[in-house]
Amino acid sequence: MESEVKHHKQTSRFDGDTLKVKCPICGKEIIYSKDNPFRPFCSERCKLIDLGAWANEERTVAGRTVNEDEDADLLNDPNLPKRFNKEDKQLF
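Since we're looking at a predicted model, the values are computed, not measured. (Residues numbered from 1 in each chain as written. Predicted model: local features only at pLDDT ≥ 70, side-chain atom pairs only at ≥ 80, totals over all residues. Heavy atoms only, no water.)

> So what exactly am I meant to see when it comes to the overall build of the protein here?
In terms of regular secondary structure, the protein is built from one helix and five strands. Moving toward the C terminus, one meets the helices and strands of the protein in the order β-β-β-α-β-β. Every one of the 92 residues in the protein was classed for burial, and the buried ones make up 15%. Total accessible area on the protein stands at roughly 8,300 Å², and carbon and sulfur atoms take up 50% of it. (Helix = DSSP H or I, 4+ residues; strand = E, 2+ residues; numbered from the N terminus. Buried < 20%, exposed > 50% of the residue type's maximum accessible area, 1.4 Å probe, protein only. Areas by Shrake-Rupley, 256 points an atom, 1.4 Å probe, with all protein chains shown as cover.)

> Whenever I open this one, the state of the cysteines confuses me. Can you help?
Throughout this description, disulfide means a covalent bond between two cysteine sulfur atoms. Using the criterion set out here, one finds zero disulfides in the structure. The thiol of Cys23 is unpaired, and the distance to the nearest cysteine sulfur, on Cys46, comes to 3.7 Å. Considering cysteine sulfurs only, Cys26 is the nearest to Cys42, which forms no disulfide, with 3.6 Å between them. (Disulfide = S-S within 2.5 Å.)

> What exactly am I supposed to notice about unusual backbone geometry here?
Glycine aside, negative phi is the norm for most residues, and most peptide bonds take the trans geometry. The linkage connecting Arg39 with the following residue, Pro40, adopts the cis geometry, with an omega of 10°. For Glu57, which is not a glycine, the phi torsion comes out positive at approximately 60°. Structurally, the position occupied by Glu57 is in the loop between helix 1 (44-55) and strand 4 (84-85). Residue classification places Glu57 among the exposed residues on the basis of a relative accessible area of 66%.

> Can you help me understand the pairing of strand 2 (residues 18-22) in this one?
Two faces make up the sheet, and in a regular strand the side chains alternate between them. Here strand 2 pairs with strand 3 (residues 29-31) via three bridges, running antiparallel. Counted as the bridge partner of Lys22 is Glu29 from strand 3. Connecting strand 2 to the antiparallel partner strand 3 that follows it, the hairpin turn spans six residues, and Gly27 within it adopts a positive phi of roughly 85°. (Pairing = 2+ DSSP bridges.)

> Any chance you could explain the packing of aromatic side chains here in plain terms?
For any pair of aromatic rings, the description consists of the separation of the ring centres together with the inter-plane angle of the planes. All told, the structure shown has zero aromatic pairs when counted by the stated rule. Here the basic side chain of Arg39 rests over the ring of Tyr32, its NZ or CZ set 5.8 Å away from the ring centre. (Phe/Tyr/Trp six-rings, centres within 6.5 Å; stacked < 30°, edge-to-face > 60°. Lys NZ or Arg CZ within 6 Å of the ring centre and 35° of its normal.)

> What exactly am I supposed to notice about helix 1 here?
Owing to its 3.6 residues per turn, the α-helix aligns residues three or four sequence positions apart on the same side. Taking 1.5 Å per residue, 12 residues should reach 16 Å; helix 1 reaches 16 Å between its end C-alpha atoms and fits that length. The set of residues buried in helix 1 consists of Cys46, Asp50 and Ala53. Considered in projection along helix 1, the buried side chains sweep an arc of 55° and stay on one side of the axis. In helix 1, those exposed residues whose orientation departs by more than 90 degrees from the buried face are Arg45, Leu51 and Ala55. Glu57 sits one or two positions beyond helix 1 and adopts a positive phi of about 60°. (Expected span 1.5 Å × (residues − 1). Arc of directions from axis to C-beta.)

Fair warning: the whole summary comes from geometry, so function is off the table for now.
What follows is the structure in structure tokens.
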């Protein structure tokens, strides 16, 4: 199932001493306050939509590509300690 998550550009403004921001998911303007447990989102629903997008890898943080086998050669390093299975009397 393919989901479509829209991400609104984060905009903010001060209204007197109050900071108002737009929810990054739905765009609703909210007061950015420690009293809002979902900030910067307007609701738990929008917070969970965003979390789901991260979990589905629809959002990522830029970085180098990881080669999952880059440490495989270390498994055969003779300087690493070997574990001994006492029941089978074998190294593993």
